[in-house]
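# Results of the structural survey
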Amino acid sequence: MENCRGGSGAEAAPPISRPELVPRLPTAVGSSAEPRQSVGFPPPPLGLYVHVPFCASTCDFCAFYQVRPTAADVRDYFAALEAEAALVQWPRAASTVFWGGGTPGLLSPDALRRLGEITRRYCVHGDAADSGGDFEWTVELAPASVTQARLAALREVGVTRISMGVQSFQPALLDALGRQHSREQVYRAYERIRAAGFASVNLDLMFALPGQTQAEWEADVAEAVALAPDHLSTYCLTFEEDTALWLKLSQGRVKLDAEHEARLYERTWERLAAVGYAQYEVANFARPGHACRHNLNTWAMHEWVGLGPAAASQHGGWRGANIADLRGWVERVQRGGRGGRGERMTEDRLRLTPAQLAEDAFIFGLRMNAGVSLEAWRARAPDAPWAQVEQLAQRLIAEGLAVWAGQEERPEGKGERLCLTNRGRLLADAVGLEMMAAFDVEAA
């Protein structure tokens, strides 16, 4: 899972939820939403998210679209994915790629090579994947799906980063989540990933699980740290509608404990900082140079293209998603549009404005330790209700939930970036709701 799609779990993140599941967008031409490229400066980053909807089973906490595949499903998926990639008016080569699911590792090595070939042919353009530098290509894997043959195929196509959904090292907790792997498989998979030589490795962990004690969570964190991954994502369990866990919650079989969750958050932040993992977002920690660039670009409201059923996109001035149905998506991208031409991004389609992007940039930017620049977004979106936003910012500061970063260096006494304090990050979701209200046109 590293945004989520959230992915293995959660890492790839869509607007307004957890981080590592990423939004997925529509195709259009011409918009003032993305700033124009200045002469002499590189173009803004473009991300690619590919949703691989196949899973052998559904974990109790997972709300992402997935199916148990047949051979015909896999065949039709690849044909439709190639058709959808051909529909996109690619503005530039993708600088980050993220394959999430589902479980991309459920595909065979040859199928992974085919997915890589489609990615490189349509989305990465030229030798971008071979140029090193800032290029990043992440694939989510479940421990049980990690084989040397699959890893070799991923290295061959140019993947640079693996995100593995561990969730817990405790057998009883894994069983409670419906996870189909063991502690021993986690260790074996991690050894294989490291031996394969990927530039960066993330591990996903989850806390505040039903029945989990603070001691058990701290043991999970210690065990993950002992493996020395480059990146760690730690997600507080969320109860999504239409999941097995949501049903248990509604039946009173599991309980929420906000104070317990807050203690686990704070202890995690202290522990990971002490061993060299810098927090850069509420749930994400990295050693120097290993923050997930795909997610950073998404949270900064740059553009990304989403391919596959349920994939969201944000590019060309639009945000939208593909239908969360494999058969429906296949039909639409191959021949469902007017005149027999395929269509994509048909769900929740929104014409973006600079003010809309500013709102989302603040909601997601405040989840990041670096915060968000009021000045930069005021210049980019002058028509947004900045008086209300600044009023909220001052109230958050007065309540000890936020600070102006760098204010000591500026003569007017106000820093450029608004950042949440540790206490504010514990309330990031509530702060996000208040920020949405501040940007509301009726409130302006």
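Residues numbered from 1 in each chain as written. Predicted model: local features only at pLDDT ≥ 70, side-chain atom pairs only at ≥ 80, totals over all residues. Heavy atoms only, no water.

### Describing the overall build of the protein
What counts here: Put simply, DSSP marks the helices as runs of H or I at least four residues long and the strands as runs of E at least two long, and each gets a number from the N terminus on. In this scheme, a residue with accessible area under 20% of its type's maximum is buried, one over 50% is exposed, and one in between is partly exposed, where area comes from a 1.4 Å probe on protein chains only. Accessible surface area values rest on a Shrake-Rupley calculation with a 1.4 Å probe, where residue burial reflects the displayed protein chains alone.
Scanning the protein for helices and strands turns up 15 helices and 15 strands. The buried share of the protein, taken over its 444 residues, is 55%. When the accessible surface of the protein is split by element, carbon and sulfur atoms take 52% of a total near 18,000 Å².

### Digging into the sheet that holds strand 14 (residues 402-405)
Rule in force here: Should DSSP find at least two bridges between two strands, the strands are taken to pair. Only heavy atoms matter for contacts: two residues are in contact if any of them lie within 4.5 Å across the pair. With axes taken as lines fitted to C-alpha atoms, and helix axes fitted only over the stretch in contact, angles between N-to-C directions fall between 0 and 180 degrees.
Taken in spatial order, the 3 strands make up an open sheet running 13-15-14, and their pairing is antiparallel. Edge positions in the open sheet fall to strand 13 (372-373) and strand 14, since each of these has one partner strand only. One ladder, built from 2 bridges, connects strand 13 with strand 15 (residues 417-420); its direction is antiparallel. Each residue of the ladder has a partner; that of V372, found in strand 15, is L418. Contacts between helix 13 (residues 386-398) and the sheet are confined to strand 14 and strand 15, with strand 14 contributing the most and set at about 110 degrees to the helix.

### Considerations on the confidence of the model for the protein
The test is simple: pLDDT runs from 0 to 100 and stands for how confident the predictor is about each residue.
Overall, the predicted model of the protein reaches an average pLDDT of 83, with 77% of residues at or above 70. Under a pLDDT of 50 for its full length, residues 13-32 has, in the predicted model, 145 contacts with residues more than four places off or in other chains. When the criterion is pLDDT under 50, residues 35-40 qualifies, and its contacts beyond four places in sequence or with other chains add up to 3 contacts.

### Here's the deal with the packing of aromatic side chains
As a reminder, the rule being used: Only centres within 6.5 Å qualify two rings of Phe, Tyr or Trp (six-membered ring in Trp) as a pair; their planes then separate them into stacked at under 30 degrees, edge-to-face at over 60, and tilted for everything else.
Enumeration according to the criterion identifies 14 aromatic pairs in this entry. On the numbers, 6.2 Å between centres and 25 degrees between planes, the contact of Y49 with F98 is stacked. With a gap of 49 residues between them, Y49 in strand 1 (residues 46-52) and F98 in strand 2 (residues 96-101) connect regions that are remote in the sequence. Among the aromatic residues, those joined into a cluster by ring pairs are F54, Y77, F78 and W329.

### Let's talk about the side chain of D220
Stated formally: For the purpose of charge, His is not counted, nor are the chain termini; Lys and Arg are scored as positive and Asp and Glu as negative. Think of a salt bridge as a Lys or Arg side-chain nitrogen and an Asp or Glu carboxyl oxygen that are within 4 Å of each other. Here a polar contact means two N or O atoms within 3.5 Å. Within protein one must be a hydrogen donor candidate and the other an acceptor candidate, and residues neighboring in sequence count only if both atoms are side-chain atoms.
The topology assignment puts D220 in helix 6 (residues 214-227). With no salt bridge to any partner, buried D220 finds its closest opposite charge in R183, at an N-O distance of 7.3 Å. Polar contacts involving the side chain of D220 include one to the side chain of Q170, which spans 3.2 Å. Each residue touching D220, except ones within four places of it in the same chain, is listed here: Q167, S168, F169, Q170, L205 and Q212.

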